[in-house]
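Summary of the model geometry
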Amino acid sequence: MLKKFTAISFIFFLTGCNNLSIPNPMENTENTERVTTSVDSENEVIGIGSAKIASSGTLVATGKAVREAKEKLKSKILSEEEIVFKSFLVPADPYTKKILSPALSDLMDYTATQLVQKSIEKDTWMENNKVYVVYSISKNEILSESQNIFIQYIDDITSKFQLIKEGVTQTQ
């Protein structure tokens, strides 16, 4: 009896979830076309945000849409950076990888934060009582910034190890 109840409940749950309609702000072909014309999807990473215009007005809705767009952009940048930063460790030996790997997430987060600040607002529009905002950053900029920050980190670690080495050799 319990198995039948569980099976029937699961079927109702599954059927109910399949019939849910979650609105996608980019479902509208006009919105998709608008974004496609304003960004180069081959060479840019984009974040799209939207917010309903409430009684507080378009200024507040625009602020919320910008925040959402930048959060989505940061998430996409982090995905791109994961590949980039891991590629930096390919030529490294296992010991060096073990030393550097724990710092990668902090380096990636720092880099993504820097890149979001450098991102460019590509488009803004209002439609159906909503504000839409598109932010983007070049994939080349992601690679360049990631390289710069990784090199700065390696230089910093190297200078700290050099100081330790000098301290040890002076005690001999």
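To start, this report covers the structure provided alongside it. Small disclaimer: the values here were computed from a predicted structure and weren't measured.

**Let's talk about helix α3 (residues 58-88)**
Spanning 31 residues, α3 covers 44 Å between terminal C-alpha atoms, matching the ideal 45 Å at 1.5 Å per step. The sharpest bend along α3 measures roughly 25° and falls at Glu81. Three or more residues of α3 are buried, namely Ala61, Ala65, Val66, Ala69, Leu73, Ile77, Glu81, Val84 and Phe85. Buried residues in α3 make contact with β1 (44-52), α4 (94-118), β3 (130-138) and α5 (139-170).

**Some words on the packing of aromatic side chains**
This structure, assessed with the given rule, holds four aromatic pairs. Aromatic rings pair up to connect Phe85, Phe88 and Phe150 into one cluster.

**Some words on unusual backbone geometry**
Positive phi, normally seen in glycine, also occurs at Asn128, with a value near 50°. Looking at the secondary structure, you find Asn128 in the loop between β2 (120-127) and β3. The class of Asn128 is exposed, set by a relative accessible area of 66%. The backbone of Asn129 sits at a positive phi, close to 65°, despite the residue not being glycine. Classification of Asn129 as partly exposed rests on a relative accessible area of 44%.

What counts, and at which threshold
- Residues numbered from 1 in each chain as written.
- Predicted model: local features only at pLDDT ≥ 70, side-chain atom pairs only at ≥ 80, totals over all residues.
- Heavy atoms only, no water.
- Helix = DSSP H or I, 4+ residues; strand = E, 2+ residues; numbered from the N terminus.
- Expected span 1.5 Å × (residues − 1).
- Bend = angle between axes of the 7 residues up to and from the residue.
- Buried < 20%, exposed > 50% of the residue type's maximum accessible area, 1.4 Å probe, protein only.
- Contact = heavy atoms within 4.5 Å.
- Phe/Tyr/Trp six-rings, centres within 6.5 Å; stacked < 30°, edge-to-face > 60°.

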